[in-house]
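Each chain, letter by letter, is given below.
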Amino acid sequence: MRIAIPARGRLREPTVALLQDAGLGPEVPGERALAFPCRNAPVEVLLVRAADVPEYVQDGVVDCGVTGADLVRERGASVSELLRLDFGSCTLDAAVLQESPVRALDDLAGLRIATVFPRLARELLDERGIDAELVDVTGSVEVAPRLGLADAIIDLVSSGNTLRTNGLRSLGSLFSSEAILIGAREPDDAALHLARVLRSVVDARGTRYLMMNAPESALPLLCELVPGSAAPSVLPLSEPGMVAVHALVPAADVWSLLPELEAAGASSILLVPVERMVA
Ligand code: AMP
């Protein structure tokens, strides 16, 4: 099968890392290569512009592609979203100059807004019933208000640093994006198989395997603290009245969970990464 991934930019490296972690064995060549094979799977990877990935998938040139959800919407491509990949997160925000009197998204009505996402911006403004004039630019959209080209911009934001550097203030987000795996409208078995393999890695990255010892009497409280779909495994220890508890926990919960487990009586707490999670 063939998949298309971004040749450059912020999505390239995390995409290659995902293929690596999924065990495909991508034979990544130099920066200028146009394609590369995988050692462990019958997959050929094409390197194309992130913005062109939706069209390659739609036209059947490749079976699957990785790109930003924003670019799929902007292209209006007829493809299916197979998996959200949990990287490349950003929002499409409307922003104005710091000193602008405009305070809220609804105040954009009647203004000129510069964007490199004319189609998506129009759709999102229409959804909110905001009638504004879009100024279609191809780059450096942040300077448009300063140049007097537009009253506001609609652009991608992740940290907010670029907005701040250019003296802009966000009015709020219109759309949340992240990298996604896309396939044909009716994906074939190979595409669905790739989606399952990648899902096992994406799910595992967001999960930790928790092991701890505790007095049996602490079990009800510990089970409450580590709920989730899979019930924890409870194993007897050689010390009477003591058990080992093993459970899968969301990586994002670990920070707040650890002190709570200790306070509930857990000791010898170990957290280990999970490589794959297959339902
Ligand atoms: P790039 O090729 O680096 O211009 O990025 C292409 C894609 O990366 C965008 O279409 C988004 O899906 C994603 N992305 C994530 N964060 C940002 C950001 N702060 N600015 C622009 N693109 C971003």
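Each remark here, short or long, concerns the structure printed above.
Residues numbered from 1 in each chain as written. Predicted model: local features only at pLDDT ≥ 70, side-chain atom pairs only at ≥ 80, totals over all residues. Heavy atoms only, no water.

Visitor: Hey, could you run me through the site of the ligand in this one?
Guide: With respect to spatial proximity, the complete set of residues near the ligand consists of Gly-9, Arg-10, Leu-11, Gly-68, Asp-70, Leu-71, Gly-88, Ser-89, Cys-90, Leu-156 and Ser-158. A distance of 2.6 Å is found between an oxygen atom of the ligand and a side-chain nitrogen or oxygen belonging to Asp-70. Contact between the ligand and Ser-158: a nitrogen atom at 2.6 Å from a side-chain N or O atom of the residue. Contact with the protein chains hides 76% of the accessible area of the ligand, taken as 480 Å² for the molecule alone. In terms of residue class, the shell around the ligand is made up of four nonpolar, five polar and two charged. (Near = heavy atom within 4 Å. Polar contact = N/O pair within 3.5 Å; in protein donor to acceptor, adjacent residues only side chain to side chain. Areas by Shrake-Rupley, 256 points an atom, 1.4 Å probe, with all protein chains shown as cover. Nonpolar A, V, L, I, M, F, W, Y, C, P; charged D, E, K, R; others polar.)

Visitor: Whenever I open this one, the pairing of strand E1 (residues 2-6) confuses me. Can you help?
Guide: Consecutive side chains of a regular strand alternate in pointing toward one face of the sheet and then the other. Among the five residues of E1, four are classified as buried, and the element is accordingly described as predominantly covered. In this structure, E1 lies alongside strand E3 (residues 44-48), joined through five bridges in parallel fashion. When the bridges of E3 are listed, Pro-6 appears paired with Val-48. In terms of strand pairing, E1 meets strand E4 (residues 64-68) through two bridges, oriented parallel. (Buried < 20%, exposed > 50% of the residue type's maximum accessible area, 1.4 Å probe, protein only. Helix = DSSP H or I, 4+ residues; strand = E, 2+ residues; numbered from the N terminus. Pairing = 2+ DSSP bridges.)

Visitor: Can you walk me through the sheet that holds strand E14 (residues 242-250) in this structure?
Guide: Taken together, the four strands give an open sheet; going across it, the order is E13-E14-E12-E15, and neighbouring strands pair in antiparallel fashion. With partners counted over all chains shown, the strands left at the sheet margins are strand E13 (233-236) and strand E15 (267-273), one partner each. Each strand axis lies, on average, 20° off the axis of its neighbour in the sheet, ignoring direction. Both strand E12 (residues 207-215) and E15 contribute to a ladder of five bridges, which runs antiparallel. (Axes fitted to C-alpha atoms, helices over the stretch in contact; angles between N-to-C directions.)

Visitor: Even after reading the chapter, I still don't get the sheet that holds E4, so can you show me in this structure?
Guide: Hydrogen bonds along the backbone pair up the strands of a sheet, which may run parallel or antiparallel. Reading across the sheet, the six strands line up as E2-E3-E1-E4-E11-E5 and stay open at both edges, with mixed pairing between neighbours. On the outer flanks of this sheet lie strand E2 (35-37) and strand E5 (80-84), each paired with one strand and no other. In this sheet, adjacent strand axes meet at a mean angle of 25° when their direction is disregarded. Here five bridges tie E4 to strand E11 (residues 179-183), and the two strands are oriented antiparallel to one another. Bridge pairing in E11 places Val-66 opposite Leu-181. Against the sheet, helix H1 (residues 12-21) contacts E1, E3 and E4, and its axis sits at roughly 145° relative to E1. (Contact = heavy atoms within 4.5 Å.)

Visitor: Help me out: how do you make sense of helix H4 (residues 118-127) in this one?
Guide: Along an α-helix, residues three or four apart share an orientation, since each turn contains 3.6 residues. Those residues of H4 that sit buried are Leu-120, Ala-121, Leu-124 and Leu-125. Looking down the long axis of H4, one finds its buried residues gathered within 130° of arc, a one-sided arrangement. Buried positions along H4 lie against helix H3 (69-75), strand E6 (90-97), strand E7 (112-115), strand E8 (133-136), strand E9 (152-157) and strand E10 (168-177). After H4 finishes, the residue Gly-129 shows a positive phi value of roughly 70°. (Arc of directions from axis to C-beta.)

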